[in-house]
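Observations on the three-dimensional arrangement
Below, each chain spelled out in residue letters.
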Amino acid sequence: MSDKLFLVTGACGFVGSHMVDFLLSKGHTVRATDLEAKSPVINRLGIEFIKADLTRKETLKVLFENVDYVFHIAAIFDYWAPWEILYKVNVEGTKNLCETALDSDIKSMVIWSSGAVYGVPKQVPVKETDKIAPINKYEKSKALQEKVALKFYEENGLPIVILRPASIYGPRSKYGTAILLFLLAKGWLRAIPGDGKSRPALVHVRDVVGAAYFLHDKREAIGEIFNIADDSKYTVEELLLAAAKILNVKIYKIHIPMWILNLLASLSECYAKITGKRPLIERDAIRYLTYDSLMDNSKIKSLGYKLVYPDALIGLKETIGWYKRAGWI
């Protein structure tokens, strides 16, 4: 083990558990934190775990004892969540963490934002210098999270680095892009949503944690924002047809009008409100299939980062293979 101590927030989540795995593979000592030690991955690794709540500042001080670097991943990623919860965790929680960090000797704090903060880009690929225009509640909470964190950098010198990942996919993912794969595998998605011509921005989880690690000790990264996306420019139709082939399921080159999908999503959301369950389809999630969201990744590449999964089709094939081995599909 190295003499550096890394703190990972949201360690029990999809991305957080991958971050922990990555750090351990590099021989580092890791301190994991989350609301509960509910992840079989974290439990199996047997690393130090400290229960903490971002919304309760008094629980955070102990996290920073002897910590050198922080990867702040913990957040509510849920289009269905009420604004009050999104704001309390994503914005106020980050503020609490940054305030607590001021009394520590950390060398950097890498904070997860989202490429979704760009909203509907006027042109693609979007660059870090382009104006952000968040639309839904989740996007707005991540935009405010960035603003809060960068204010601590500008006013207090807190060594902040901001990541804006594209839509993250990979082993252990259950939300976002993963939902389309599950629908395909179950035979519930037999046609192309919308015109299928939009080009989404994607990134494998291995490249998200790899990029975070790559930036954590670079002084030139402090106070900066970085897009994290692969090199793919596939359309939704191309991706779905390729995934269906890998899954060995049938999907037809028939296009489902977006108004039908939005109607189904509205019905799904109404049913969810009545039953207290999550909607199967969400209108905010469907929206991402309707426009190009490609992201410029040249900024991090210019510092020397090399993508592990530059091609989404290779990453999706590996991910689907993992889902099959895990019995998820």
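Each remark here, short or long, concerns the structure printed above.
Note that the structure is predicted; figures quoted are calculated from it, not measured. Just so you know, the residues in each chain are numbered from 1, in the order the chain's sequence is written. Local features are withheld for residues below a pLDDT of 70 in this predicted model, meaning they are given only at 70 or higher, and side-chain atom pairs are given and counted only at 80 or more; totals for whole chains, interfaces and linings count all residues. With hydrogens and water excluded, all non-hydrogen atoms of the structure serve as input to the side-chain values.

**Concerning the nonpolar core**
For soluble globular proteins, the rule of thumb is that nonpolar side chains tend to be buried together. This is how the line gets drawn: To define a nonpolar core, start from buried Ala, Val, Leu, Ile, Met, Phe, Trp, Tyr and Cys residues and group those joined through side-chain atoms within 4.5 Å. Accessible area is worked out with a 1.4 Å probe on protein chains only. A residue is then buried under 20% of its type maximum, exposed over 50%, and partly exposed in between. Only DSSP runs of H or I covering at least 4 residues are called helices, and only runs of E covering at least 2 are called strands; the numbering of each starts at the N terminus. Contacts are assigned to residue pairs that have any heavy atoms within 4.5 Å of one another.
If you look at the biggest cluster of nonpolar residues, it comprises 44 residues, and the most contacted ones within it are Val8, Met19, Phe71 and Trp112. The element best represented in this core is helix H6 (residues 205–215), accounting for eight residues. In contact with methionine 19, other than residues within four places in its own chain, are Val8, Phe71, Ile73, Trp112, Val209, Ala212 and Tyr213. In this structure, Ile50, Val67, Ala74 and Ile160 belong to the second largest nonpolar core, which totals 27 residues.

**Some remarks on helix H7 (residues 236–247)**
As a reminder of what qualifies: Expected span of a helix, by definition, is 1.5 Å for each gap between consecutive residues, and there is one gap fewer than residues. Of all possible arcs, the one meant is that of the directions from the helix axis to the C-beta atoms.
When the terminal C-alpha atoms of H7 are compared, their 16 Å separation across 12 residues agrees well with the 16 Å that a helix rising 1.5 Å per residue should span. All buried positions along H7 are accounted for by Val236, Glu237, Leu239, Leu240, Ala243, Ala244 and Leu247. For H7, the angular spread of buried residues about the axis comes to 165°, placing them on one side. In this structure, the buried side of H7 is in contact with helix H5 (177–185), strand E8 (192–193), strand E9 (202–204), strand E11 (255–256) and helix H11 (312–326). Remark: asparagine 248 follows H7 within two positions and exhibits a positive phi of approximately 60°.

**Here's the deal with the sheet that holds strand E6 (residues 160–165)**
To be explicit about the condition: Only when DSSP finds a minimum of two bridges between them are two strands counted as paired. Axis definition: a line fitted to C-alpha atoms, over the contacting stretch in the case of helices. Angles run 0 to 180 degrees between N-to-C directions.
Taken together, seven strands build an open sheet; the order of strands is E3-E2-E1-E4-E5-E6-E10 and the sheet is parallel. Either end of the sheet is taken by a strand with one partner, and the two such strands are strand E3 (48–51) and strand E10 (225–228). This sheet shows a mean twist of 20° between the axes of neighbouring strands, independent of strand direction. Judged from the four bridges that link them, strand E4 (residues 69–72) and strand E5 (residues 108–112) form a sheet pairing that is parallel. Counted as the bridge partner of valine 70 is methionine 109 from E5. Strands in contact with helix H3 (residues 83–101) are strand E1 (5–9), E4, E5 and E6; relative to E5, the strand with the most contacts, it is inclined by about 175°. Where H6 meets the sheet, it contacts E1, E4, E5, E6 and E10, and its direction lies at approximately 160° from that of E6.

**Here's the deal with the pairing of E6**
In plain terms, the rule: With its strands directed away from the observer, a crossover is right-handed exactly when the path from the first strand over the helix to the second travels clockwise.
With six of its six residues buried, E6 lies for the most part within the structure. As paired elements, E5 and E6 share four bridges and run parallel to each other. Bridge pairing links methionine 109 to isoleucine 160 in E6. After leaving E5, the chain enters helix H4 (residues 137–156) and then returns to the sheet as E6, a path that is right-handed. Pairing geometry for E6 and E10, over four bridges, is parallel. Residue proline 165 lies in a different strand from E10, and its bridge partner there is isoleucine 228.

**What to know about the pattern of salt bridges**
Once the charged atoms of two side chains with opposite charge are near each other, the side chains can pair. Going by this rule: A side-chain nitrogen of Lys or Arg and a carboxyl oxygen of Asp or Glu constitute a salt bridge if their distance falls within 4 Å.
Scanning the entire structure with this criterion turns up 15 salt bridges. A salt bridge links aspartate 21 to arginine 172; the nearest nitrogen and oxygen atoms lie 2.5 Å apart. Of this pair, aspartate 21 sits in helix H1 (residues 14–25) while arginine 172 sits in the loop between strand E7 (167–169) and H5, and the two are 151 residues apart along the sequence. A salt bridge links lysine 301 to aspartate 231, with the nearest nitrogen and oxygen atoms 2.7 Å apart. Residue lysine 301 is located in helix H10 (residues 298–302), and its partner aspartate 231 is located in the loop between E10 and H7; the two are separated by 70 residues in the primary sequence. The exposure class assigned to lysine 301 is partly exposed, which follows from its relative accessible area of 33%. Aspartate 231 gets classed as partly exposed once you look at its relative accessible area, which sits at 37%. Here the residues in one salt-bridge network are Lys57, Lys95 and Glu99, joined through shared partners.

**Here's the deal with the packing of aromatic side chains**
Put simply, the test is: Here the aromatic set is Phe, Tyr and Trp, taking the six-membered ring for Trp, and pairing holds for ring centres within 6.5 Å; pairs whose planes are under 30 degrees apart are stacked, those over 60 apart are edge-to-face, and all others are tilted. In this scheme, the term charge over a ring applies when either NZ of a lysine or CZ of an arginine sits within 6 Å of the ring centre and within 35 degrees of the ring normal.
As enumerated under the stated definition, the model contains 18 aromatic pairs in all. A centroid spacing of 5.2 Å and a plane angle of 55° characterise the contact between phenylalanine 182 and tyrosine 323, whose relative ring orientation is tilted. Here tyrosine 323 lies in helix H11 and phenylalanine 182 lies in helix H5, a separation of 141 residues in the sequence. A relative accessible area of 16% places phenylalanine 182 in the buried class. By relative accessible area, tyrosine 323 is classed as buried at 1%. One residue, arginine 287, lies across the ring of tyrosine 288, its end atom 4.9 Å from the ring centre.

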